[in-house]
Amino acid sequence: MADLIRKPLAWLAGLLLMAAALLWFSGVLSGARRAEVTARFEASRGDAAVRSGADAANTIGERGSAEHALDKEITRAQDQVRTAPDTGAADSAARNGLCGISTDYCQ
């Protein structure tokens, strides 16, 4: 009678151990997969931050270049107004200088 109880209990214990081992192995695999996905996500996020910083630096550089070009245009227009021989020439130089800065002033 003891044999009738021991054999099924042994089989049951073996099945429970195999099920526990499968669950543990599945957890290990999903943990590794989760770590891989997290690492990829973090790398992508870092790349995006670098690209964003580079875009910002380029925008600042372009804006600085545009401001420098505008300053040169204004200085040139001011010099032409100062060196004009009379008020009519000064007015014309001022209008030409403004027109060079923005087409809104051209008439």
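Above this text you will find the structure in question.
Residues numbered from 1 in each chain as written. Predicted model: local features only at pLDDT ≥ 70, side-chain atom pairs only at ≥ 80, totals over all residues. Heavy atoms only, no water.

### Some words on the environment of Arg40
Item 1. When you line up the elements, Arg40 lands in helix H1 (residues 2–82).
Item 2. Classification of Arg40 by relative accessible area gives partly exposed; the value is 49%.
Item 3. As a C-alpha pair, Arg40 and Gly88 span 48 residues in sequence and 69 Å in three-dimensional space. (Helix = DSSP H or I, 4+ residues; strand = E, 2+ residues; numbered from the N terminus. Buried < 20%, exposed > 50% of the residue type's maximum accessible area, 1.4 Å probe, protein only.)

### Structural notes on the environment of Glu73
Item 1. Mapped onto the fold, Glu73 is located in helix H1.
Item 2. Along the primary structure Glu73 and Leu98 are separated by 25 residues, whereas in three dimensions their C-alpha atoms are 9.0 Å apart.
Item 3. Every residue in contact with Glu73, bar those within four places of it in the chain, is listed here: Gly97, Gly100 and Ile101.
Item 4. A polar atom in the side chain of Glu73 sits 2.5 Å from the side chain of Arg76. (Contact = heavy atoms within 4.5 Å. Polar contact = N/O pair within 3.5 Å; in protein donor to acceptor, adjacent residues only side chain to side chain.)

### Some details on helix H2 (residues 87–101)
Item 1. Counted at 1.5 Å a residue, the expected span for H2 with its 15 residues is 21 Å, and the 21 Å between its end C-alpha atoms agrees.
Item 2. All buried positions along H2 are accounted for by Ala90, Ala93 and Gly97. Down the axis of H2, the buried set is contained in an arc of 65°. They therefore lie on one face.
Item 3. For H2, the side-chain oxygen to backbone nitrogen distance between the N-cap and Gly88 is 3.3 Å, and the N-cap itself is Asp86. (Expected span 1.5 Å × (residues − 1). Arc of directions from axis to C-beta.)

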